[in-house]
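# Fold and geometry: a report
Each chain, letter by letter, is given below.
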Amino acid sequence: MTEWLASNESSLRLIVFVVVLLALMALEAMLPRRKVAAQRRQRWPANLSIVVINTVVSRLLLPILPVGAALLAAERGIGLMPIIDAPFWLSFIACIVLLDLAIYWQHRLLHALPSLWRIHRMHHADTVFDVTTGARFHPLEIVLSLAFKLLVVLLLGAPVEAVIAFEIILNATSMFNHANLRLPAPVDACLRCLIVTPDMHRVHHSTIRQETDSNFGFNLPWWDWLFATYRAAPAAGHDNMRIGIEAFRDSGEQRLDRLLTQPFRRS
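Here goes a summary of the coordinates provided. (Residues numbered from 1 in each chain as written. Predicted model: local features only at pLDDT ≥ 70, side-chain atom pairs only at ≥ 80, totals over all residues. Heavy atoms only, no water.)

## Remarks on the nonpolar core
Grouped burial of nonpolar side chains is what soluble globular proteins tend to show. Formed by 25 residues in total, the largest nonpolar core has its most connected members in Cys 95, Leu 99, Val 153, Leu 156, Ala 158, Val 163 and Phe 166. No other element matches helix H9 (residues 160–177), which puts eight residues into this core. Residues in contact with Leu 156, not counting those within four places in the same chain, are Gly 79, Leu 80, Met 81, Pro 82, Cys 95, Leu 98 and Leu 99. Formed by 14 residues, the second largest nonpolar core is a distinct cluster that contains Leu 21, Met 25, Val 51 and Val 131. (Core = buried A, V, L, I, M, F, W, Y, C linked by side-chain atoms within 4.5 Å. Buried < 20%, exposed > 50% of the residue type's maximum accessible area, 1.4 Å probe, protein only. Helix = DSSP H or I, 4+ residues; strand = E, 2+ residues; numbered from the N terminus. Contact = heavy atoms within 4.5 Å.)

## A look at the packing of helix H4 (residues 66–76) against H9
Close contact between H4 and H9 brings their axes to 8 Å; oriented N to C, the two are set at 165°. Between H4 and H9, the angle is such that the two are roughly antiparallel. Between H4 and H9 the crossing geometry is right-handed. Across the interface between the two elements, Pro 66, Val 67, Ala 70 and Leu 71 of H4 pack against Val 160, Val 163, Ile 164 and Glu 167 of H9. In terms of residue class, the contact of H4 with H9 is built from seven nonpolar, no polar and one charged. (Axes fitted to C-alpha atoms, helices over the stretch in contact; angles between N-to-C directions. Parallel < 35°, antiparallel > 145°, perpendicular 65-115°, else oblique. Left-handed = near helix turned anticlockwise from the far one by under 90°. Nonpolar A, V, L, I, M, F, W, Y, C, P; charged D, E, K, R; others polar.)

## Concerning the pattern of salt bridges
On inspection of all chains with the given rule, the structure shows 14 salt bridges. Salt-bridge contacts for Arg 43 lead to Asp 126; the nearest nitrogen and oxygen are separated by 2.7 Å. Of this pair, Arg 43 sits in helix H3 (residues 40–61) while Asp 126 sits in the loop between helix H7 (114–124) and helix H8 (139–156), placing them 83 residues apart in sequence. Residue Arg 43 shares its accessibility class with Asp 126, and that shared class is buried. One salt bridge in this structure joins Asp 126 and Arg 136, with 3.7 Å as the shortest N-O distance. Within this pair, whereas Asp 126 is found in the loop between H7 and H8, its partner Arg 136 is found in the loop between H7 and H8, the two being separated by 10 residues in sequence. Assigned by exposure class, Asp 126 and Arg 136 land together as buried. Linked by salt bridges that have partners in common, Arg 33, Asp 199, Arg 202 and Asp 239 make up one network. (Salt bridge = Lys/Arg side-chain N within 4 Å of Asp/Glu carboxyl O.)

In structure tokens:
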């Protein structure tokens, strides 16, 4: 089973990505949280083209991906889980939670270090907050993130199944919490106990830097509560808040070529 999962990981991730993307696009059309912008014809092709480029670049530049690192750790008994001889169920749950914690701190570093922020800001420069924003990350950020996850997987000795599950969950929740989706307030309040919701993460995409530097979580909301980076709502309210980065609000900045060159240009 492990070998089958490892060999079919790319196909599984692609299937889940397409299903979740199309489902959320449909829900956004039926239950929009904010007024639908007219920029989709320009933004969506560019944002989704980034996904294709990221897939190709990561496969070409990294000979071993996190799943490969998990296979190596299992074969050679590398990492924390093999050392403490944790049962599979415990390793599975613990590694998903710890990988999510690692991604939280990676996200904070992307904001804290100017050199990393220049790479990450392409994601924040989207002037509309919708499901495609959740897949829009610069190729350099994807490579750095994969290398970081590879290291964490080796340190943990994470099971292959946990790594595959985490990667699928991370992709799905990233699209979900970026969706322009209106959830009833009681539903949002309940979901926030277990998962980052669109209203929670939208605050992170505010043009106000203090709000941008909050709500860093992708999957679990607990880290923002624990490390005092949680903000319940934007000061201007969700309907009136401005999204994006002021220096990159021109519609031309949403072209694919401008997105790819943005880290190398001054704001």
